[in-house]
Amino acid sequence: MNVLEGFESEAQAWDISLADRYELETLCRPSLKPLEKFTAEDHVEFAFRSHVAEVLRFGGLPGKAARYLDCARKGIVLQCQGHEKHEFLSPMYCDLRFCPRCAPRRFARLYAKHSAVLGHIHRHPIRGFRLRGITLTSRNTGELTTEQIKKFNKDVKKTLRLLMKGVKGWGAIWVNEVGFNNTNLHTHVLMYCPYIEKENLKAIWQKVSGHIVAGIRQSQLIGPKALLYMLKYVSKPPSDDPEMVGRLEVAFHGTRRVHALGLFYDFAGGDEDNLQSEWKNCPLCGAALVREKGFHPVHELRARALRFISDVRTERRRNKWVN
């Protein structure tokens, strides 16, 4: 009996169409993707990620290059210890700062981590304090290095501390940003503090960093919206050029894009990027989740769900032998 005859026989026995039987087989063999389902977007994404990975390898980051290529292609299987033994596939993401797939995840984690301070500010306001937006820029040299970014952040921290010298209860969070498809490094700061003279801000920033441009305004948004607006800069990559994305990843290697001081740091704790997002409990029944050993293709969960094919086949053979 050839494969076609076998599929026809099984389709008839399971009371499904031959097309559905082929679809089941396709799902059980995730490495075989029907050609008509391999879209132009798939080709574009593969080419984009391959280019970024080349830049990362050239920049001395082969591990990150491999993670970027494999983002969401593999996963781990988690099984709960409850009566139902629920199973889940948890994809393994690269979590690189400028990955289009991971940037929104990073944004959501950061917002969850830093939003608690806004509730505290609402419950315990300080007279004369407001949420204020500050922008600090640096000179665009046409290139970006890790050392340049680290010095820039040290200058930001020193500037904010000088502005708040002798002030209690203040806090700030800032995001490093570059212009779209360029290396214009600057930062957006959300600060809870008393009134700051704009000229004083400019003078201190120029004295500390040597850069000129600095601006301040009272935030037009309050509460969670102010934080959402500020963190939007990490929700998507600032470039559609794979060469630029790779260069940014290399430049930001070993440093954060999001930093906190004062009140914001107190609430953020040591995990400012909120990377501890692994599931500990089953979302369906609350029982503890235990990880299986090894890694699995992302389509493994669907393959497991359809494992009844082999079970039915075995059971039919057993019944035929017994009878």
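Below is a summary of the structure that appears in this document.

So, how was this worked out
- Residues numbered from 1 in each chain as written.
- Predicted model: local features only at pLDDT ≥ 70, side-chain atom pairs only at ≥ 80, totals over all residues.
- Heavy atoms only, no water.
- Helix = DSSP H or I, 4+ residues; strand = E, 2+ residues; numbered from the N terminus.
- Buried < 20%, exposed > 50% of the residue type's maximum accessible area, 1.4 Å probe, protein only.
- Contact = heavy atoms within 4.5 Å.
- Areas by Shrake-Rupley, 256 points an atom, 1.4 Å probe, with all protein chains shown as cover.
- Arc of directions from axis to C-beta.
- Pairing = 2+ DSSP bridges.
- Axes fitted to C-alpha atoms, helices over the stretch in contact; angles between N-to-C directions.
- Left-handed = near helix turned anticlockwise from the far one by under 90°.
- Nonpolar A, V, L, I, M, F, W, Y, C, P; charged D, E, K, R; others polar.
- Parallel < 35°, antiparallel > 145°, perpendicular 65-115°, else oblique.
- Patch = residues over 30% accessible without salt bridge, like charges linked within 9 Å, V, L, I, M, F, W, Y side chains within 5 Å.
- Salt bridge = Lys/Arg side-chain N within 4 Å of Asp/Glu carboxyl O.
- Lys, Arg positive; Asp, Glu negative; His and termini not counted.
- Charge placed at Lys NZ, Arg CZ, Asp CG, Glu CD.

1. Some thoughts on the overall build of the chain
Secondary structure summary: the chain contains 13 helices and nine strands in total. Here the chain, with 323 residues, has 40% of them falling under the buried criterion. The contacts in the chain between residues at least 6 apart in sequence include a share of 70% that link residues at least 24 apart. Surface exposure of the chain reaches about 18900 Å², of which carbon and sulfur atoms provide 55%.

2. Some thoughts on helix α4 (residues 62-70)
Looking at α4, one finds that the buried residues are K64, A65 and Y68. Taken end-on, α4 shows its buried residues confined to a sector of 105 degrees, consistent with a single buried face. Of the surrounding elements, those touching the buried residues of α4 are α3 (40-58) and α10 (242-251). A positive phi of about 65 degrees marks A72, the residue just after α4.

3. Brief notes about the sheet that holds strand β3 (residues 130-137)
Pairing is antiparallel in the open sheet, where five strands are placed in the order β6-β3-β5-β4-β7. Edge positions in the open sheet fall to β6 (214-218) and β7 (258-261), since each of these has one partner strand only. Put simply, the sheet's adjacent strands are angled 15 degrees from each other on average, direction ignored. Looking at chain direction, strand β4 (residues 171-177) and strand β5 (residues 186-193) are connected through seven bridges and run antiparallel. Residue A172 lies in a different strand from β5, and its bridge partner there is M191. In the packing of helix α8 (residues 198-209) onto the sheet, contacts are made with β3 and β6, and the angle to β6 comes to roughly 145 degrees.

4. What to know about the packing of helix α5 (residues 103-114) against helix α9 (residues 224-231)
Where α5 meets α9, the axes come as close as 10 Å, and the angle between the chain directions of the two elements is 145 degrees. In this structure, α5 meets α9 at a crossing whose hand is right-handed. From α5, F107, L110, Y111 and H114 reach across to α9, where they touch P224, L227, L228 and L231. Split into classes, the residues belonging to the contact of α5 with α9 amount to seven nonpolar, one polar and no charged.

5. Some remarks on the packing of α3 against α4
A packed helix pair is summarised by two numbers, namely the angle formed by the two axes and the spacing between the axes. Packing of α3 against α4 brings their axes to within 8 Å, and their N-to-C directions diverge by 170 degrees. Relative to α4, α3 is oriented roughly antiparallel. Within the contact between the two elements, α3 uses F48, R49, S50, V52, A53, L56 and R57 and α4 uses P62, K64, A65, Y68 and L69.

6. Points about the pairing of β4
Of all seven residues in β4, seven are buried; the element is thus mostly enclosed. Alternating positions in β4 separate into two faces, G171, I173, V175 and E177 on one and A172, W174 and N176 on the other, with burial throughout. Here four bridges tie β4 to β7, and the two strands are oriented antiparallel to one another. The residue of β7 that forms the bridge with A172 is L261.

7. Description of a positive patch on the surface
Together, K150, K154, K157 and R161 make up a region of like positive charge exposed at the surface. Along the chain, the position of K157 falls in helix α7 (residues 146-163). The partly exposed category is assigned to K157, whose relative accessible area is 34%.

8. Things to note about the pattern of salt bridges
A full pass over the atoms with the stated rule returns six salt bridges. The salt bridge involving R101 is made with E45; its shortest N-O contact spans 2.5 Å. Taken together, the residues span a long stretch of sequence, with R101 in the loop between β2 (87-91) and α5 and E45 in helix α3 at a distance of 56 residues. We classify R101 as partly exposed; its relative accessible area is 30%. Judged by its relative accessible area of 31%, E45 falls in the partly exposed class. With its nearest N and O atoms 2.7 Å apart, the salt bridge here joins E177 to R257. With E177 in strand β4 and R257 in the loop between α10 and β7, the pair connects residues that are 80 residues apart, well separated along the chain. Comparing E177 with R257 shows no difference in burial state: the two are buried.

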